[in-house]
Amino acid sequence: MKALLCKALGPAQDLVLEEVASPSPKNNEILLQVHAAGVNFPDTLIIEGKYQFQPPLPFSPGGEAAGVVAAVGEKAGAFKVGDRVMALTGWGAFAEEVAVPHYNVLPIPAGMDFTTAAAFGMTYGTSMHALTQRGQLKAGETLLVLGASGGVGLAAVEIGKALGARVIAAASSSEKLAVAKAAGADDLIDYGQASLKDEIKRLTGGQGVDVIYDPVGGALFDQAVRGLAWNGRLLVVGFASGTIPQLPVNLALLKGAAVIGVFWGAFAQRQPQDNAANFRQLFAWHAEGKLKPLVSQTYPLAEGGAAIEQLGQRKAVGKLVVAIQ
Ligand SMILES: NC(=O)c1ccc[n+]([C@@H]2O[C@H](COP(=O)([O-])OP(=O)(O)OC[C@H]3O[C@@H](n4cnc5c(N)ncnc54)[C@H](OP(=O)(O)O)[C@@H]3O)[C@@H](O)[C@H]2O)c1
């Protein structure tokens, strides 16, 4: 099979397309014939050796995929050859085949194509867990989403609306905000132009926002935390800016506020029933047309490195997908 390989840690342009042996699924794994693979921020880190875990070299990046089951291990649950499935792979999805433990695989609902399915799991799974189990977002509350045109950010905008919240989308340019607006955001903040802190104040009449969804960190976190309402919840989702912020905890005290960590991968592993319930709701919303995953660009496998580069350079909107077969 063909695979895009990281043979030495380094930039995305160093990835090479090669012919390699097909993986053999273990007892608890299925072999997935990959049709499409989603691109996510961790792909930018894993090829540079900067992610939470590091596969041995050489490896293919690609943390999620959609395709068809090509083989099933003896203890890999009820999957059958030919099933259309989406999978969290961690890495390895930028290849024609990948082996995945059965508990990281979900059937693709009828009516969802492979490209959409490859762009769905990581972002909607993360944002659903963040806003429900972690943020306890309620209808009528105000949600602020930072990096609102990015993968997890745009999913948070849509889920926030589906949950009945007023959604304020914040991003670094008017082009990116137009994408968040089209996804249903009620109000917009261009933090490339204006002060995030002042705009939160203006849009909430000085009250602040109930929930902040922050996949960016850095200086934006410092401003956002000052815009939390009484009883507010700040969701720590990621650090796309590259800087892990520090919190003066007196701010949490003064606002009766909570700073809450979000780690969807661990949640999905530790609370699989709750994760499955989240996906039942997400698939229902998708079928009702309340969620419209945006795939802004697709790339052939040989150009998967360009897709990772685009994301790492802050140029992607919505999701990028590598179309494999
Ligand atoms: N906690 C979890 O369970 C979980 C799960 C999935 C992802 N994540 C994390 O969430 C973050 C976002 O992931 P994603 O896949 O949604 O990425 P993405 O599509 O690239 O979106 C990230 C957004 O961050 C903003 N940003 C600010 N500074 C940036 C920089 N220096 N480089 C790139 N983007 C920058 C950009 O928006 P503006 O230009 O508008 O600022 C961009 O749209 C990552 O840190 C990822 O690791 C966490």
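You'll find the protein chain entered in an unreviewed UniProt entry as NADPH:quinone oxidoreductase family protein, with Pseudomonas mosselii given as the organism.

Can you explain the side chain of Glu 97? Please cite residues and give values.
Mapped onto the fold, Glu 97 is located in strand E6 (residues 97–101). No salt bridge is formed by the buried Glu 97; its nearest oppositely charged neighbour, Lys 2, is found at 12 Å. Engagement of the side chain of Glu 97 in a polar contact is seen with the side chain of Ser 22, the distance being 2.5 Å.

With reference to specific residues and values, describe the pattern of salt bridges.
Applying the stated criterion across every chain yields a total of ten salt bridges. With its nearest N and O atoms 3.9 Å apart, the salt bridge here joins Lys 2 to Glu 19. Of this pair, Lys 2 sits in strand E1 (residues 2–5) while Glu 19 sits in strand E2 (residues 16–19), placing them 17 residues apart in sequence. On the basis of relative accessible area, Lys 2 is assigned to the partly exposed category, the value being 38%. What makes Glu 19 exposed here is its relative accessible area of 56%. In this structure, Glu 18 engages Lys 7 in a salt bridge whose closest nitrogen and oxygen atoms are separated by 2.7 Å. Of this pair, Glu 18 sits in strand E2 while Lys 7 sits in the loop between E1 and E2, placing them eleven residues apart in sequence.

If you had to explain helix H4 (residues 151–162) to someone new, which residues and values would you point to?
End to end, H4 covers 17 Å across twelve residues, agreeing with the expected 16 Å (1.5 Å per residue, within 8%). By the burial criterion, the buried members of H4 are Gly 153, Leu 154, Ala 155, Ala 156, Val 157, Glu 158, Ile 159 and Gly 160. Two residues or fewer past H4, Gly 164 is found with a positive phi of approximately 90 degrees.

For the site of the ligand, give the residues involved together with the corresponding values.
Taken together, 24 residues surround the ligand, and among them Ser 172, Lys 176, Tyr 191, Val 262 and Arg 314 come closest. One nitrogen or oxygen atom from the side chain of Ser 172 is found 2.6 Å from an oxygen atom belonging to the ligand. Burial of the ligand by the surrounding chains reaches 90%, relative to a free accessible area of 910 Å². By residue class, the composition of the shell around the ligand is 13 nonpolar, nine polar and two charged. Taken domain by domain, the makeup of the shell around the ligand includes at least three residues from each of domain 1 (2–108 + 294–323) and domain 2 (123–264).

Give me the sheet that holds strand E9 (residues 166–171): which residues, what numbers.
Read from one edge of the open sheet, six strands run E10-E9-E8-E11-E12-E13, paired in parallel fashion. Among the strands making up the open sheet, the edge pair consists of strand E10 (187–190) and strand E13 (258–261). Each strand axis lies, on average, 20 degrees off the axis of its neighbour in the sheet, ignoring direction. Here strand E8 (residues 142–145) pairs with E9 via four bridges, running parallel. Counted as the bridge partner of Leu 143 is Val 167 from E9. Seen against the sheet, helix H3 (residues 121–134) touches E8, strand E11 (209–214), strand E12 (228–236) and E13 and runs at an angle of roughly 150 degrees to E11.

Residues and numbers for the UniProt feature "domain: Enoyl reductase (ER)" (unreviewed entry) in the protein chain, please.
Following the UniProt record, one finds the feature "domain: Enoyl reductase (ER)" (unreviewed entry) at residues 10–322. As annotated, residues 10–322 comprises 32% helix and 25% strand, and the C-alpha atoms at either end are separated by 20 Å.

What counts as what
- Residues numbered from 1 in each chain as written.
- Predicted model: local features only at pLDDT ≥ 70, side-chain atom pairs only at ≥ 80, totals over all residues.
- Heavy atoms only, no water.
- Helix = DSSP H or I, 4+ residues; strand = E, 2+ residues; numbered from the N terminus.
- Buried < 20%, exposed > 50% of the residue type's maximum accessible area, 1.4 Å probe, protein only.
- Lys, Arg positive; Asp, Glu negative; His and termini not counted.
- Salt bridge = Lys/Arg side-chain N within 4 Å of Asp/Glu carboxyl O.
- Polar contact = N/O pair within 3.5 Å; in protein donor to acceptor, adjacent residues only side chain to side chain.
- Expected span 1.5 Å × (residues − 1).
- Near = heavy atom within 4 Å.
- Areas by Shrake-Rupley, 256 points an atom, 1.4 Å probe, with all protein chains shown as cover.
- Nonpolar A, V, L, I, M, F, W, Y, C, P; charged D, E, K, R; others polar.
- Domains from an automatic or database assignment.
- Pairing = 2+ DSSP bridges.
- Axes fitted to C-alpha atoms, helices over the stretch in contact; angles between N-to-C directions.
- Contact = heavy atoms within 4.5 Å.
- UniProt positions renumbered as here; feature names shortened; annotations may be inferred.

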